[in-house]
Number of protein chains: 2
Amino acid sequence: MGVLLRRWRILFPDLTNCISLCQKQQQGCRFYHEKQKRMLLSQHFLSMNLREDSVISQESKRGEMTCKSQRLMLLGGLICPASPGCYHYMPYTVRAMEKLIKVIDREMQIIGGQKVNMPTLCSAKLWKASGRWELMSKELLRLADRHGQEYCLGPTHEEAITDLIASQGCLSYRQLPLLLYQVTRKFRDEPKPRFGLLRGREFYMKDMYTFDASEEAALHTYALVCNAYCNIFNNLGLRIMKVQAATGSIGGTMSHEFQLPADIGEDQLMMCTNCDFSANMEMINSDQRHCPVCKGKLVETKGIEVGHTFFLGTKYSSVFNATLHTSQGKLAPAEMGCYGLGVTRILAASIEVLSTEDAIRWPSLIAPYQVCFIPPKRGSKEEKGAALLEALYDSVAEAVPHLKDEIVLDDRTHLTIGKRLKDANKLGYPYVIIGGKKALDDHSLFEVWNQNTGETLFLTREAIVDLLSEV
Amino acid sequence: MGVLLRRWRILFPDLTNCISLCQKQQQGCRFYHEKQKRMLLSQHFLSMNLREDSVISQESKRGEMTCKSQRLMLLGGLICPASPGCYHYMPYTVRAMEKLIKVIDREMQIIGGQKVNMPTLCSAKLWKASGRWELMSKELLRLADRHGQEYCLGPTHEEAITDLIASQGCLSYRQLPLLLYQVTRKFRDEPKPRFGLLRGREFYMKDMYTFDASEEAALHTYALVCNAYCNIFNNLGLRIMKVQAATGSIGGTMSHEFQLPADIGEDQLMMCTNCDFSANMEMINSDQRHCPVCKGKLVETKGIEVGHTFFLGTKYSSVFNATLHTSQGKLAPAEMGCYGLGVTRILAASIEVLSTEDAIRWPSLIAPYQVCFIPPKRGSKEEKGAALLEALYDSVAEAVPHLKDEIVLDDRTHLTIGKRLKDANKLGYPYVIIGGKKALDDHSLFEVWNQNTGETLFLTREAIVDLLSEV
């Protein structure tokens, strides 16, 4: 260590003093600031160099089936396997996830949701009280601490939140409806984790819990949250089916699933061709072919469950003694609802339903980056266009501040435009802008691909700034 | 369920059809939108009704010592105990934490950091390879899955990230320095969790890992990250000490701690009164009273460790075979650094060092809300001022858009202004604005408290908008 420290002291003579270091930084960092002024694709931590066969062999070592979103996310370097059902989320995935969380936060907060964050370690005591310590059997990941106290890693938090509410004493009706939610990592020891982020053992979930003093108010709140879920999927441009569903190990008296229709979906759904009725197959007799409401014909389809809502009534509040003051001055057990959205599952499911076999497509709102700029190949006839394209990049960054961190320059100019366009197509940036031959004309024109519509246009710098201002 | 569903159908006749539901929502939600237009304190999920003795007894059941930040956070309803060393983070804490993460993200991204997210379940195989499966002994929380595979809950991710880098094949020198970081929940089975968020068993940490192809470049990167850490604490207005430290179970050849001086701190630090030298006591002989650099006098102080940096060299890269291409076309084992910031610990530590015994003070940048408006008591002589204060609230929300979600109206008008000011003082909003007697004068004046400086001013609506525009 002595040698290192000495050498280091020569490089940074007054390093131990933080204040003088911070002053030095003004000089020391300039290099990095300059270098980072444009977002360079060559510095992104993506596994663009992975080849299909190596990716497939990585996963098939485990004998897992793969689906389109899993294959595309592995190939694009968006996820990387760690252990069965557990993935490293790479930078593009983290960006998409943070954007999705913002979309969710917004809708949860419009209806009055307040964000909390509950521990992962859930005491066995609470789960035994609700009866789910036994019921959930091998799906729970369990452990004991150094003192022998038992915990599970929370797959959901009905016990925790109800105990928390009970610990607050009786809440006033003025605080109702109380809508608490969190976006945290959840755990489920799936017997067969598969399909990448669609069915993992670790995943991010948004779970909301609501509390009301009467069944009627609680049903109103239930509808409110369902509406917010519809808004979220509408905002993402995803077609969603809301179907009647079974309550399973969560319990309660009514439940709905939010399903994205997809062939890879693990849920069998029945839709009426005549009325609004739709339900998970588990809700009806397997040989039933007519709608229980209007007797219309039922058709079958498959879906990926991305959301699930439960009307719980007093199932948990009666166990944990969570009571509320009603506006009539009485005490009532809390009428509860719980509501889940699979955050990482929505990422994968939207890739599953929007992408082609070779190319990722994102809901625009959550694409990791909005625009990719591709300058001409180094040494090509169009090489001079590089400076024009970089100037365009800078114009966009300046004129459209909200896109400043949403644009990336594919500086791998040792590759042809065609090769880089293919990569851009695979990764699914909503807009790709190319500086080709026409950029060198008197009135520079750049090629603009809208990858979500498939449209291509040649536009001037001004027209591009106008177009992207709308994004 | 039949009864419920029928009743529910009467309330929301076409609920199963999501699209018509979404249309209905425009009406259904209006009530909530109106109601939520102003942020009402009475609807915040805070435990303002908790009394000191009940809080203390909640914690002392466990025989834990309490410190100022723990007591204030419990009393203010910012945290709520779940199990030893595990807390529910309540809405104000989540808001502060999300702001802190933004501050950290910004500085990490300025130096080129890319955000990833690694699994909590860390395979025993990797930890056995590094030798830490044994070394960390009881501090690791361990479990086996349904197939008997062993894991620990990641307290830190050197093994995981180095294995991830190795799995990418040899990275090019063009991608270097590679700086990857995450902000995730970490686990450590502390023998004695205590002091609330200062020493918990679950906590949020920002951990960064850097990769370079030479020792010299890696030392440069190390300095760069240390500088970014200084910037973060400077931005928060926290006085930080950077001290030489031992490398402990992480390993490596050089290490620094970032310490906030505080009496409650568990680290003993030695500072030279003459030069820049400062070190954790563990780095020098316990009877040493003179600086090893200049022989100046050493003085002792205590600190809360909020950050820790390690120069790892090739300790992990050689185990996991993580190699890089140098610019000379050779292969070299990655020279690594790792860098931690205790996210939830910084929240508690800043409360610890900035607050009085009775009143929380936040670094302004991360205060959960920036402004609290207190209208007069219902039925008081000043009651008419309520409308003026509400108009002021609306003016601020409109004229200062970035404060729109940062202001809260204390609508508990059954309480006196004095009682609510006391609560506002306890919770530490940087600004408190009161509509008292002078609001009814011809030229309405409102009382403005700057709680961080202790300053009080009477200002007009225009002057307040100007003042808050700077926040």
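In this text, all values refer to a predicted model and were calculated from it rather than measured experimentally.

### With respect to the overall build of chain A
- Check the secondary structure of chain A and you find 15 helices and 21 strands.
- Each of the 471 residues in chain A was classed as buried or not, and the buried ones make up 59%.
- Counted over contacts in chain A with a minimum sequence separation of 6, partners at least 24 positions apart contribute 67%.
- For chain A, the exposed surface amounts to about 18,800 Å²; the carbon and sulfur share of it is 51%.

### Observations concerning the pairing of strand β7 (residues 178-187) of chain B
All names here are of chain B.
- Across the ten residues of β7, ten count as buried, placing the element largely inside the fold.
- Bridge count for strand β3 (residues 114-115) against β7 is two bridges, and the pairing is parallel. Each residue of the ladder has a partner; that of Q114, found in β7, is L180.
- Direction of pairing for β7 relative to strand β8 (residues 202-212): antiparallel, over a ladder of ten bridges. Among the inter-strand pairings, V183 is bridged to a residue of β8, identified as K206.

### Notes on the domain arrangement of chain A
- Once the domains are mapped, chain A shows domain 1 (92-354) and domain 2 (369-469).
- Averaged C-alpha coordinates put domain 1 of chain A and domain 2 of chain A at centres separated by 42 Å.

### Brief notes about the packing of aromatic side chains
- Throughout the structure, instances matching the rule amount to 16 aromatic pairs over all chains.
- Arranged with centres 5.3 Å apart and planes meeting at 65°, the rings of Y229 of chain B and F258 of chain B form a pair that is edge-to-face. On the criterion of sequence distance, the pair formed by Y229 of chain B in helix α10 (residues 215-236) and F258 of chain B in strand β10 (residues 254-261) is long-range, its members being 29 residues apart.
- What makes Y229 of chain B buried here is its relative accessible area of 0%.
- The structure contains a cluster of three or more aromatic residues connected by ring pairs, namely Y92, Y369 and Y429 of chain A.
- Between R142 of chain B and the ring centre of W133 of chain B, over which it is positioned, the NZ or CZ distance is 4.5 Å.

### Brief notes about the confidence of the model for chain A
Residue and element names in this part refer to chain A.
- Model confidence for chain A is summarised by a mean pLDDT of 89, while 88% of its residues fall at 70 or above.
- Across residues 1-36 the pLDDT falls below 50, and counting only partners more than four positions away or on other chains, this stretch makes 62 contacts in the model.
- If you check the scores for this complex, the pTM reads 0.92 and the ipTM reads 0.92.

### Side note on the UniProt feature "domain: Aminoacyl-transfer RNA synthetases class-II family profile" (unreviewed entry) in chain A
- Sequence positions flagged by UniProt for "domain: Aminoacyl-transfer RNA synthetases class-II family profile" (unreviewed entry) are, in local numbering, residues 98-363 of chain A.
- With 28% helix and 32% strand, the stretch residues 98-363 of chain A has end C-alpha atoms that lie 14 Å from each other.

### As for helix α14 (residues 417-427) of chain A
All names here are of chain A.
- The complete set of buried residues in α14 reads R420, L421, D423, A424 and L427. Each buried residue of α14 lies within a common arc of 160° when the element is viewed along its axis, so the set occupies one face.
- Tucked inside the fold, the buried residues of α14 contact α6 (91-110), β17 (371-374), β19 (431-434) and β20 (446-450).
- Among the residues trailing α14, G428 stands out with phi positive, at a value near 80°.

### Comments concerning the packing of helix α13 (residues 385-399) of chain A against helix α15 (residues 461-469) of chain A
Residues and elements named next belong to chain A.
- Running from N to C, α13 and α15 cross one another at 40°; their axes reach a closest spacing of 10 Å. Judged by the angle between their axes, α13 and α15 are oblique. Pair α13 / α15 crosses with right-handed handedness. Of α15, the residues touching α13 (which contributes A391, L392, S395, V396 and A399) are R461, I464, V465 and L468.
- Across the contact of α13 with α15, the residue classes tally to seven nonpolar, one polar and one charged.

Conventions used here
Within each chain, residue numbers correspond to sequence positions counted from 1 in written order. Naming scheme: in the order in which they are written, chains are lettered from A and ligands are numbered from 1. Totals for whole chains, interfaces and linings use all residues, but because this is a predicted model, local features are given only for residues with pLDDT of at least 70 and pairs of side-chain atoms are given and counted only at 80 or more. With hydrogens and water set aside, each side-chain value is computed from the structure's full complement of heavy atoms. Each helix is a run of DSSP H or I of at least 4 residues and each strand a run of E of at least 2, with the numbering of both proceeding from the N terminus. Burial classes follow relative accessibility: with a 1.4 Å probe on protein chains only, a residue under 20% of its type's maximum area counts as buried, one over 50% as exposed, and anything between as partly exposed. Only heavy atoms enter the contact rule, under which two residues are in contact if any of them lie within 4.5 Å. The Shrake-Rupley method, run with a 1.4 Å probe, gives the accessible areas here. Residue values count only the displayed protein chains as cover. Strand pairing is assigned whenever DSSP detects at least two bridges linking the two strands. In this document the domain limits rely on a domain assignment from an automatic tool or a database. Aromatic contacts are taken between Phe, Tyr and Trp rings whose centres are within 6.5 Å, Trp giving its six-membered ring; a plane angle under 30 degrees counts as stacked, one over 60 as edge-to-face, and the others as tilted. Here, over-ring charges are defined by two tests on the NZ atom of lysine or the CZ atom of arginine: distance to the ring centre within 6 Å, and angle to the ring normal within 35 degrees. The pLDDT value expresses, per residue, how confident the predictor is, ranging between 0 and 100. UniProt positions are given in the numbering used here, feature names are shortened, and annotations may be inferred rather than shown by experiment. The directions from the helix axis to the C-beta atoms form the arc being described. To get an axis, fit a line to the C-alpha atoms, keeping to the stretch in contact for a helix; angles then go from 0 to 180 degrees between the N-to-C directions. Here the word oblique covers every angle except those under 35 degrees (roughly parallel), over 145 (roughly antiparallel) and from 65 to 115 (roughly perpendicular). Helix crossings get a hand from a simple test, with the near helix turned counterclockwise from the far one by less than a right angle marking a left-handed crossing and a clockwise turn marking a right-handed one. Only Asp, Glu, Lys and Arg are considered charged in this grouping, and only Ala, Val, Leu, Ile, Met, Phe, Trp, Tyr, Cys and Pro are considered nonpolar; every other residue, Gly among them, is considered polar.

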